[in-house]
Amino acid sequence: MQVEASPLWPHNTDFPKLAGDIKVDVAIVGGGIAGISSAFFLGLRGYKVALVESEQIASAATGASSGTLFYGSETDFQESIKRYGIDSAKALFSETKSGIEFMIDLIKKENISCGLREPGIIFAAKNEAEAAYLEKEQETAKQFGINGKILDSNEIANVFKGKQFISGAEYYCGQIHPGQFVGAISQIINPRFGVQIYENTPMLSYSDNGASAIVKTENGSIKADKVIVATNIKPFYGLEKHFFVENSTVIPSKHLGDRVKEIMPVDKIIETLEEKYDIMYLQEGRLFLELYSAKGAQEKIKEYFPSWVEFDINGQWGDSWSKTKDMLPIVGHVTSNIIAQVAMGDQGIVMGFTTGRRMADIIEKKSDPFIEMLSPKRFG
């Protein structure tokens, strides 16, 4: 699938191509949320960093993402305990909760214009089985220090006047325009920390010679103590067999102005409970429907919205990302000097920022339950 960044929220960066050979402490391949976040936090810790991006910063999956900021890695609360055990699940939710809070504080401190909203999210039940599941989810969430509330059908109808849901569970959730956020961070780290950023500089290869690592491009090489591959490019030391690519499509409505409130009088994000869920939200006078596939989009539009709401099928954009079967990113050393930062998954914006925040600890080979969860070592 062709990945295209959102045409509604453009971001501007203008960094040069790499020209010649350079030497740094850390080289990063990939200018999405994961790579730029790692560059930010490494620069903050005093590392000399260079980053190469094959296109424009945040041009692919990051720029196309809907930018929701929710806890975890898109595993339900109950599912997380079953998959990882209670202690590891607590570490996952604690780290991502802290990451979201840090991101929002950073946006406010730096006055970053990226459409920050904190509307909250409602997970919506279509039938009695889903309603019962949401009741258990709310009780389980309390074990992670996450408070939510159950809504009945009338309460949801006061928020969303499209499809009727029988119940829901409401939690905190933020939202940003990820391309604008990442573009702004790239503009901060270049002058403030001296991070060297090179756009339109595809990586040809990378290698670890034991003493150091090298990233080669057409017009020059970067020699570094450590190389972070923060993109889903293949091959990757055999790790590609442990993750797979999924796609989603974001379809905006035509601009509705004040009439948008006839459908969503209260600003909330609505998410269904299927494994390949649907998301609905509003921004700047438009309604948005995010689907895992463009196939069947017209039927979904009819299912969720009244006939007078016109969606811009031709104006849709795509988002491709990778994730693992255990729903966790792959972050850690794959050789002594090469570090993976891939497969950020459904919650890619949150996981990319959160793992970037821990990158200095990973480079320095510090460990804790969260870092151990994400390590490539879990695959043997």
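Refer to the structure above for everything that follows.
Residues numbered from 1 in each chain as written. Predicted model: local features only at pLDDT ≥ 70, side-chain atom pairs only at ≥ 80, totals over all residues. Heavy atoms only, no water.

## What to know about the overall build of the chain
Moving on, step 1. On a plain count of helices and strands, the chain comes out with 11 helices and 18 strands.
Moving on, step 2. Compactness check: the chain gives a C-alpha radius of gyration of 21 Å against a globular reference of 21 Å for 380 residues, within 12% of the reference.
Moving on, step 3. On the principal axes, the C-alpha backbone points of the chain span a range of 65 × 45 × 40 Å.
Moving on, step 4. Expressed as a percentage of the 380 residues in the chain, the buried residues total 57%.
Moving on, step 5. Intrachain contacts of the chain at a sequence separation of at least 6 include 75% that bridge at least 24 residues.
Moving on, step 6. Total accessible area computed for the chain in this model is approximately 15600 Å², and 47% of it derives from carbon and sulfur atoms.
Moving on, step 7. Mean positive and mean negative side-chain charge positions of the chain (40 and 49 charges, respectively) differ by 3 Å. (Helix = DSSP H or I, 4+ residues; strand = E, 2+ residues; numbered from the N terminus. Rg over C-alpha atoms; globule rule 2.2 N^0.38 Å. Buried < 20%, exposed > 50% of the residue type's maximum accessible area, 1.4 Å probe, protein only. Contact = heavy atoms within 4.5 Å. Areas by Shrake-Rupley, 256 points an atom, 1.4 Å probe, with all protein chains shown as cover. Lys, Arg positive; Asp, Glu negative; His and termini not counted. Charge placed at Lys NZ, Arg CZ, Asp CG, Glu CD.)

## Observations concerning the packing of helix α4 (residues 86-109) against helix α9 (residues 348-357)
Helix packing for two helices is described by the angle between their axes and how far apart those axes are.
Moving on, step 1. One way to put it is that α4 packs onto α9 with a least axis distance of 9 Å and a crossing angle of 90°. In terms of orientation, α4 lies roughly perpendicular with respect to α9. Every residue of α9 that contacts α4 at Leu 92, Glu 95, Thr 96, Ser 98, Gly 99, Ile 100, Phe 102, Met 103 and Leu 106 is listed here: Ile 349, Val 350, Met 351, Phe 353, Thr 354 and Arg 357.
Moving on, step 2. Grouping the amino acids of the contact of α4 with α9 by side-chain chemistry returns 9 nonpolar, 4 polar and 2 charged. (Axes fitted to C-alpha atoms, helices over the stretch in contact; angles between N-to-C directions. Parallel < 35°, antiparallel > 145°, perpendicular 65-115°, else oblique. Nonpolar A, V, L, I, M, F, W, Y, C, P; charged D, E, K, R; others polar.)

## Concerning the side chain of Glu 130
Moving on, step 1. If you trace the backbone, Glu 130 turns up in helix α5 (residues 128-141).
Moving on, step 2. For the buried residue Glu 130, which engages in no salt bridge, the nearest side chain bearing the opposite charge is Lys 126, 6.4 Å off.
Moving on, step 3. Glu 130 has contacts with Ala 124, Ala 125 and Leu 273, leaving out every residue within four places of it along the chain. (Salt bridge = Lys/Arg side-chain N within 4 Å of Asp/Glu carboxyl O.)

## Thoughts on the pairing of strand β9 (residues 203-208)
Moving on, step 1. Pairing of β9 with strand β10 (residues 213-217) involves 5 bridges; the strand directions are antiparallel. Among the inter-strand pairings, Asp 208 is bridged to a residue of β10, identified as Ala 213.
Moving on, step 2. Taken together, β9 and the strand that follows it, β10, pair antiparallel across an intervening segment of 4 residues, in which Gly 210 is found at a positive phi of about 95°. (Pairing = 2+ DSSP bridges.)

## Section: empty space enclosed by the protein
Moving on, step 1. Tallied over the full model, the rule gives 3 cavities of 30 Å³ or more.
Moving on, step 2. Volume-wise, the largest cavity comes out at about 50 Å³.
Moving on, step 3. Along the walls of the largest cavity sit Ala 5, Ser 6, Trp 9, His 11, Gly 63, Ser 65, His 177, Pro 178 and Gly 179, which together make up its complete lining.
Moving on, step 4. Residue composition of the lining of the largest cavity, by class: 3 nonpolar, 6 polar and no charged.
Moving on, step 5. Each pocket or cavity is described by its volume, and for the second largest cavity that value is around 40 Å³.
Moving on, step 6. If you trace the second largest cavity, you find it lined by Trp 9, Ser 65, Ser 66, Gln 175, Ile 176, His 177, Pro 178, Tyr 281, Gln 283 and Trp 317.
Moving on, step 7. In terms of residue class, the lining of the second largest cavity is built from 5 nonpolar, 5 polar and no charged. (1 Å grid on protein atoms, 1.4 Å probe; cavity = no way out; pocket = protein on both sides within 12 Å on 5 of 7 lines; lining within 4 Å. Points joined across faces, edges and corners; volume = space filled by probe spheres on them.)

## Points about the packing of aromatic side chains
Moving on, step 1. Under the definition given, this model contains 26 aromatic pairs.
Moving on, step 2. Ring centres of Trp 9 and Trp 317 lie 5.9 Å apart, and the angle between their planes is 85°; this geometry places the pair in the edge-to-face category. With Trp 9 in the segment before β1 (22-29) and Trp 317 in strand β16 (residues 317-324), the pair connects residues that are 308 residues apart, well separated along the chain. Of the two residues, Trp 9 and Trp 317, neither departs from the other in class, the shared state being buried.
Moving on, step 3. Ring centres 5.2 Å apart and planes at 40° place the aromatic pair Phe 77 and Phe 93 in the tilted group. With Phe 77 in helix α3 (residues 77-84) and Phe 93 in helix α4, this residue pair connects regions lying 16 residues apart in the sequence.
Moving on, step 4. An aromatic cluster of at least three residues, connected via ring pairs, comprises Phe 70, Tyr 71, Phe 77, Phe 93, Phe 123, Phe 144, Tyr 171 and Tyr 172.
Moving on, step 5. The ring centre of Trp 308 lies 3.8 Å from the NZ or CZ of Arg 259, which sits over that ring. (Phe/Tyr/Trp six-rings, centres within 6.5 Å; stacked < 30°, edge-to-face > 60°. Lys NZ or Arg CZ within 6 Å of the ring centre and 35° of its normal.)

## Quick word on the packing of helix α1 (residues 33-44) against helix α7 (residues 178-193)
Moving on, step 1. Contact geometry for α1 and α7: axes closest at 10 Å, N-to-C directions at 30°. Considering their axes alone, α1 and α7 lie roughly parallel with respect to each other. Judged by the twist between their axes, the crossing of α1 over α7 is left-handed. Residue-level inspection shows Ile 33, Ile 36, Ala 39, Phe 40, Gly 43 and Leu 44 of α1 in contact with α7, the latter providing Phe 181, Val 182, Ile 185, Ser 186, Ile 189 and Phe 193.
Moving on, step 2. Of the residues that constitute the contact of α1 with α7, the class distribution is 10 nonpolar, 2 polar and no charged. (Left-handed = near helix turned anticlockwise from the far one by under 90°.)

## Points about the nonpolar core
Moving on, step 1. Of all hydrophobic cores here, the largest spans 80 residues; its most connected members are Ile 28, Leu 42, Tyr 171, Phe 181, Ile 185 and Ile 228.
Moving on, step 2. Looking at this core element by element, the count peaks at 9 residues for α4.
Moving on, step 3. Other than its neighbours up to four places away in sequence, Ile 185 contacts Ile 36, Phe 40, Leu 106 and Ile 112. (Core = buried A, V, L, I, M, F, W, Y, C linked by side-chain atoms within 4.5 Å.)

## Some remarks on α9
Moving on, step 1. A large share of α9 lies buried, amounting to 9 of its 10 residues.
Moving on, step 2. Taken residue by residue, α9 has Gly 348, Ile 349, Val 350, Met 351, Gly 352, Phe 353, Thr 354, Thr 355 and Gly 356 as its buried positions.

## What about the side chain of Asp 361?
Moving on, step 1. Looking at the secondary structure, you find Asp 361 in helix α10 (residues 359-363).
Moving on, step 2. If near-sequence neighbours (up to four positions away) are discounted, Asp 361 is found in contact with Arg 45, Lys 366 and Ile 371.

## Let's talk about the pattern of salt bridges
Moving on, step 1. Evaluated as defined, the whole model comprises 24 salt bridges.
Moving on, step 2. Among the ionic pairs, Glu 310 bridges to Lys 254, the shortest N-O distance being 3.1 Å. One end of the pair, Glu 310, is in the loop between α8 (297-304) and β16; the other, Lys 254, is in the loop between β12 (243-252) and β13 (269-272), and 56 residues separate them in sequence.
Moving on, step 3. The exposure class of Glu 310 is partly exposed, given its relative accessible area of 47%.
Moving on, step 4. One salt bridge connects Asp 326 with Arg 378, and the closest N-O pair in it is separated by 2.7 Å. Of this pair, Asp 326 sits in the loop between β16 and β17 (330-333) while Arg 378 sits in the segment after α11 (369-374); the two residues are 52 residues apart in sequence, bridging distant segments of the chain.
Moving on, step 5. Taking the relative accessible area as the measure of exposure, Arg 378 reaches 27% and is therefore partly exposed.
Moving on, step 6. One salt-bridge network, held together by shared partners, links Arg 45, Glu 95, Arg 358, Asp 361, Glu 364, Lys 366 and Asp 368.

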